[in-house]
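Spelled out from the first residue to the last, the chains are:
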Amino acid sequence: MTETTATGHTNNDHERHLIAVVTGASTGIGEATARKLRADGWTVYAVARRADRLEALAQETGVVPVATDVTDQGQVEALRDRVLSESGTLDALVNISGGARGTDPVGEAQDQDWEFMFQVNVMGTMRVVRAFLPALRQNGEGTILNLTSTAAEHAYEGGSGYNAAKSGERALTQALRLEEAEHNVRVIEVAPGMVHTPEFSLMRLGGDQSKADKVYAGVEKPLTSEDVADVCAYALNLPHHVNLDLITLRPVAQAAQHKVIRKG
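On a predicted model such as this, the values are computed, not experimentally measured, just so you know.

1. Description of the sheet that holds strand E6 (residues 92–95)
Here comes step 1: Ordered by their spatial adjacency, seven strands build an open sheet running E5-E4-E3-E6-E7-E8-E9, and the pairing between neighbours is parallel. The open sheet has two edge strands, strand E5 (64–67) and strand E9 (246–249), and neither has a second partner. Strand after strand, the sheet turns through a mean of 15° between neighbouring axes, direction not considered.
Here comes step 2: Together, strand E7 (143–147), strand E8 (186–192) and E9 form the strand contacts of helix H5 (residues 160–180), whose direction differs from that of E8 by roughly 155°.

2. Considerations on the packing of helix H3 (residues 73–87) against helix H4 (residues 111–139)
Here comes step 1: Running from amino to carboxyl end, H3 crosses H4 at an angle of 30°, the nearest separation of the two axes being 9 Å. Taken together, the axis directions place H3 and H4 in an arrangement best described as roughly parallel. The hand of the H3/H4 crossing is right-handed. Of the residues in H4, those touching H3 at Gln73, Val76, Leu79, Arg80, Val83 and Leu84 are Arg127, Val128, Arg130, Ala131, Phe132 and Ala135.
Here comes step 2: Residues of the contact of H3 with H4, tallied by class, amount to eight nonpolar, one polar and three charged.

3. Remarks on the nonpolar core
Here comes step 1: Counting residues in each nonpolar core, the largest one holds 31 residues, and the members touching the most others are Leu37, Trp42, Val94, Leu145, Val190 and Val228.
Here comes step 2: Of all the elements, helix H8 (residues 225–237) adds the most residues to this core, at five residues.
Here comes step 3: Among all residues touching leucine 37, those that are not within four sequence positions of it are Ala20, Val22, Trp42, Val44, Val94, Ala233 and Leu236.
Here comes step 4: Counting residues in hydrophobic clusters, the runner-up holds 21 residues, among them Ile19, Val70, Phe132 and Val185.

4. Some details on the pairing of E9
Here comes step 1: Residues Ile247 and Leu249 line the buried face of E9, whereas the alternating positions Leu246 and Thr248 sit on a face that is not buried.
Here comes step 2: As paired strands, E8 and E9 are joined by four bridges and run parallel to one another. Bridge assignment links alanine 191 to a residue of E9, and that residue is threonine 248.

5. Topic: the environment of leucine 37
Here comes step 1: Within the secondary structure, leucine 37 sits in helix H1 (residues 28–39).
Here comes step 2: With 213 residues separating them in the primary sequence, leucine 37 and arginine 250 have C-alpha atoms 22 Å apart.

6. Thoughts on the confidence of the model for the protein chain
Detailed reading of predicted coordinates is not advised where the pLDDT is low.
Here comes step 1: With 91% of its residues at a pLDDT of 70 or more, the protein chain shows a mean pLDDT of 91.
Here comes step 2: The low-confidence segment residues 10–14, where pLDDT is below 50, has 13 contacts with residues more than four positions distant or belonging to other chains.

7. Points about the packing of aromatic side chains
Here comes step 1: Taken as a whole and judged by the stated rule, the model has one aromatic pair.
Here comes step 2: Pairing tryptophan 114 with phenylalanine 118 gives two aromatic rings, centres 6.4 Å apart and planes at 15°, and the pair type is stacked. Taken together, the residues tryptophan 114 and phenylalanine 118, both in helix H4 and four residues apart, mark about one turn of the helix.
Here comes step 3: For phenylalanine 118, a relative accessible area of 30% corresponds to the partly exposed category.

Calculation notes
- All residue numbers here refer to positions counted from 1 along the written sequence of the relevant chain.
- For a predicted model such as this one, the threshold for reporting local features is a pLDDT of at least 70, and the threshold for listing and counting side-chain atom pairs is 80 or more; totals across whole chains, interfaces and linings nevertheless cover every residue.
- The side-chain quantities take in all heavy atoms of the structure and omit both hydrogens and water.
- Criterion used throughout: strands pair if DSSP finds at least two bridges between them.
- Only DSSP runs of H or I with at least four residues qualify as helices, and only runs of E with at least two residues qualify as strands; both kinds are numbered from the N terminus onward.
- Working convention: axes come from line fits to C-alpha atoms, limited for helices to the stretch in contact. Angles between N-to-C directions cover 0 to 180 degrees.
- Contacts are assigned to residue pairs with any non-hydrogen atoms lying within 4.5 Å of each other.
- Any angle from 65 to 115 degrees is called roughly perpendicular, while one under 35 is roughly parallel, one over 145 is roughly antiparallel, and all others are oblique.
- Helix crossings get a hand from a simple test, with the near helix turned counterclockwise from the far one by less than a right angle marking a left-handed crossing and a clockwise turn marking a right-handed one.
- Each residue is assigned to one class: nonpolar for Ala, Val, Leu, Ile, Met, Phe, Trp, Tyr, Cys and Pro, charged for Asp, Glu, Lys and Arg, and polar for all the others, Gly among them.
- Here, the term nonpolar core denotes a set of buried Ala, Val, Leu, Ile, Met, Phe, Trp, Tyr and Cys residues that are joined through side-chain atoms within 4.5 Å.
- Residue exposure (1.4 Å probe, protein chains only): buried if accessible area is under 20% of the type maximum, exposed if over 50%, otherwise partly exposed.
- A residue's pLDDT is the confidence the predictor assigns to it, expressed on a 0 to 100 scale.
- Aromatic pairing here means that ring centres of Phe, Tyr or Trp (its six-membered ring) are within 6.5 Å. Orientation follows from the plane angle: under 30 degrees is stacked, over 60 is edge-to-face, and everything else is tilted.

Okay, here's the thing in C-alpha cells:
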C-alpha cells in the first residue's frame, strides 16, 4: 500500500519519519531549525562542533546529536557513515553552518578571517553536500537547503569577506540546482537579512557585546532565529515537486541592505 505524507513524500506500507541532517544546530538559526523540524515529526541529526550544546538540545527535543566540524573532511565522512548506517537514507540536508568574522575593509583584510569564512560557508557546505549527495540521489526525492544571506546580493563597506563567502555559497547552490535536477534532488536557498541571533554579530565583532548590540539598536522587530526556521521548515515540508529556488526575507524595518529604519 502506498500513501502520501503531509509533506508530499510517498512512503510504502507504513509511514516512516522523514530524516534530516541540520548543520550549525548548536545555536541560532540552526538550532531553531532543528527544533522546528523535530516538532514537525522529522528525525533530525543535529550537527555542530559544540557537543555539550547538542546534548542539551537532544535532551530537550529528541534530536540525534552528532558533534562534527564541517571544515574537517574526516569528521564529515564519519557523520555521513553514522547517519546512513543508522537510517539507511536521507531526505533533507540543511546547511545552516556559517558565520562572519571581522569588518575590516579589503585594504586591511585579515587572512585568517577570510579563510575562516570561506572554510565554514563555502568549503564546509561543499564537503557536506558532496558526502551526502549519493544518498540524496538514491532517495529519489532528496532535498538540499543552503542558508546564504542577503550579503550574497549586495556588497557593503566592511562586509567584503562575508559578501565574498556568501556569494560563493550562492553560486555553489545555483550550480548544484542545475546539476541535480535530473536526479530529482530539490535545491533550496534561503537568504535572510537582519536576524538578531545570540552569537552572529558577537562572533563577527570579536566578542565585543556593546558593539554587537549596536548592530540592532533601534531596529523594531529584527528577524529572529525562529522566523527563519519557520521559513526553512515550510520550504522543506512542501510537496517535493515544489521548489522554492530562492527565498529572501528581511524585517520590515530593513527595506534594503542599505536602508534600515532605527527608532530612538
